[in-house]
Amino acid sequence: MTTTTATPAAGDRTVRKDSPGAARGPRRPGRIKRIGLPYLLLLPALILELLVHLVPMVIGVVMSFKELTQFYIRDWGTAPWSGVDNYKVAVDFDAPVGKALLDSFFVTVGFTVLSVGLCWLIGTAAAICMQDAFRGRGLLRALFLVPYALPVYAAVITWVFMFQHDNGLVNHVLHDQLGITDKPSFWLIGDNAFYALLTVSVWKGWPFAFLIVMAGLQNIPKDLYEAAALDGAGVWQQIRRITLPSLRPVNQVLVLVLFLWTFNDFNTPFVLFGKSAPASADLISVHIYQASFVSWNFGTGSAMSVLLLLFLLVVTGVYLLLTTRGRKAADV
């Protein structure tokens, strides 16, 4: 008795339900959905970002080519085109408008360099001091972040009261208590306004540098410090040879962010001095505001804003190019 076993033909192939090939087919649409879902969830935020930033930017560029004054505020679209006349007025440094803009630019550059440098120095020093564990370290870290966590208006308006001439805390300490000054100083007018603005800016900005540097220090292996200590390296040598080189990528981003924030800062000088800042503290952000909303020449103010945007783009591009080349050279 013989038995025969039927074998399927070559074209009659069947795939079991539990085979990998069968499972891969139906799951492909689900995988596409899972990949596209994050982008779909980000779409509303992207649309709002474009509406909040890109649309006003385009409108500002269009306004810079128009002769837009208070006579066309109701319907700014009917303002006549002026071409590049607004830009010519802004960059004519022999004329009063261009000269005032150039002076404001130099004041802003000096203020930004000092503020960013002091914020980085104080924040880095504080982060290094907070690395070693000691009693009360968590409380000090929380206190250091208070200026950064406070709302800008609440923080700056407190300094306005502290800088008052007659009953301010600053004059009380410097003049009445320590006797450093001969008489109470006017901190919100004259040349002292620059130092008052710098003090408030550093007080608000250094906690951010402290937070970023402290996070970067967590990635440095402690074995490097232990090996350096065994080789006889002191604290300053460890900071110079280990800490600062290891923090180079963090510091590159930190300095750029601080520079952009400080150069564009409008809230601090506006709350501190109001609509008309003293000449020594005439930052370019407040200067553009005065040219637009005080002089009612929105075309010239828009042209100044576009020039400021171009300047920041150029500085950012050059900075990124130099830091990228420096990082590649260091790696080689």
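Reading the values: the criteria
- Residues numbered from 1 in each chain as written.
- Predicted model: local features only at pLDDT ≥ 70, side-chain atom pairs only at ≥ 80, totals over all residues.
- Heavy atoms only, no water.
- Helix = DSSP H or I, 4+ residues; strand = E, 2+ residues; numbered from the N terminus.
- Buried < 20%, exposed > 50% of the residue type's maximum accessible area, 1.4 Å probe, protein only.
- Contact = heavy atoms within 4.5 Å.
- Salt bridge = Lys/Arg side-chain N within 4 Å of Asp/Glu carboxyl O.
- Phe/Tyr/Trp six-rings, centres within 6.5 Å; stacked < 30°, edge-to-face > 60°.
- Lys NZ or Arg CZ within 6 Å of the ring centre and 35° of its normal.
- Arc of directions from axis to C-beta.
- pLDDT = per-residue confidence, 0-100.

**Q** Mind laying out the overall build of the chain, listing which residues take part and the relevant values?
**A** When helices and strands are counted, the chain shows 14 helices and zero strands. The secondary structure elements of the chain, listed N-terminal to C-terminal, are α-α-α-α-α-α-α-α-α-α-α-α-α-α. Buried residues in the chain amount to 33% of all 332 residues. Across the chain, the fraction of contacts at a sequence separation of at least 24, relative to all contacts at a separation of at least 6, is 64%.

**Q** Describe the pattern of salt bridges, and please don't skip the residues or the numbers.
**A** As enumerated under the stated definition, the model contains one salt bridge in all. D103 is the salt-bridge partner of K99, the closest N and O atoms lying 3.4 Å from each other. In this pair, K99 and D103 are both assigned in helix α3 (residues 96-129), four residues apart and thus about one turn of the helix distant. For K99, a relative accessible area of 46% translates into the label partly exposed.

**Q** Describe helix α13 (residues 284-294), naming the residues involved and giving the relevant values.
**A** The buried count for α13 comes to nine of 11 residues, which makes it a mostly enclosed element. Backbone geometry just after α13 places W296 at a positive phi near 60 degrees.

**Q** For the side chain of S82, give the residues involved together with the corresponding values.
**A** Relative to the helices and strands, S82 is located in the loop between α1 (20-63) and α2 (85-91). Residue S82 is classed as buried on the basis of its relative accessible area of 11%. Dropping the residues within four chain positions of it, S82 is found in contact with F65, K66 and E67.

**Q** Quick rundown of the packing of aromatic side chains? Include the residues and the values.
**A** Overall, the coordinates contain 22 aromatic pairs when judged by the stated rule. Both rings, one in F105 and one in F311, keep their centres 5.1 Å apart while their planes meet at 85 degrees; by these two values the pair is edge-to-face. Taken as a pair, F105 in helix α3 and F311 in helix α14 (residues 298-331) lie far apart in primary sequence, 206 residues in all. A relative accessible area of 28% places F311 in the partly exposed class. Measuring from ring centre to ring centre gives 6.0 Å for W296 and F298, while their planes differ by 75 degrees; the resulting arrangement is edge-to-face. You can call F298 buried: its relative accessible area is 10%. Taken together, the aromatic side chains of F266, F270, Y289, F293, W296 and F298 make up a single cluster linked through ring pairs. Across the ring face of W81, the terminal group of K66 is positioned such that the distance to the ring centre comes to 4.3 Å.

**Q** For helix α6 (residues 152-162), give the residues involved together with the corresponding values.
**A** Listed as buried for α6 are A155, V156, W159 and V160. Relative to the axis of α6, the buried residues are bounded by an arc of 145 degrees and lie together on one face. Facing away from the buried side of α6 by over 90 degrees, the exposed positions are Y153 and F161. In this structure, the buried residues of α6 make contact with α8 (192-217) and α12 (267-273).

**Q** Requested: an account of the confidence of the model for the chain, with residues and values cited.
**A** Per-residue confidence for the chain averages 85 on the pLDDT scale, and 88% of its residues sit at or above 70. Least confident of the elements in the chain is α1, whose mean pLDDT is 75; most confident is α3, at 94. A low-confidence stretch, residues 1-23 (pLDDT under 50), is modelled with three contacts involving residues beyond four sequence positions or located in other chains.

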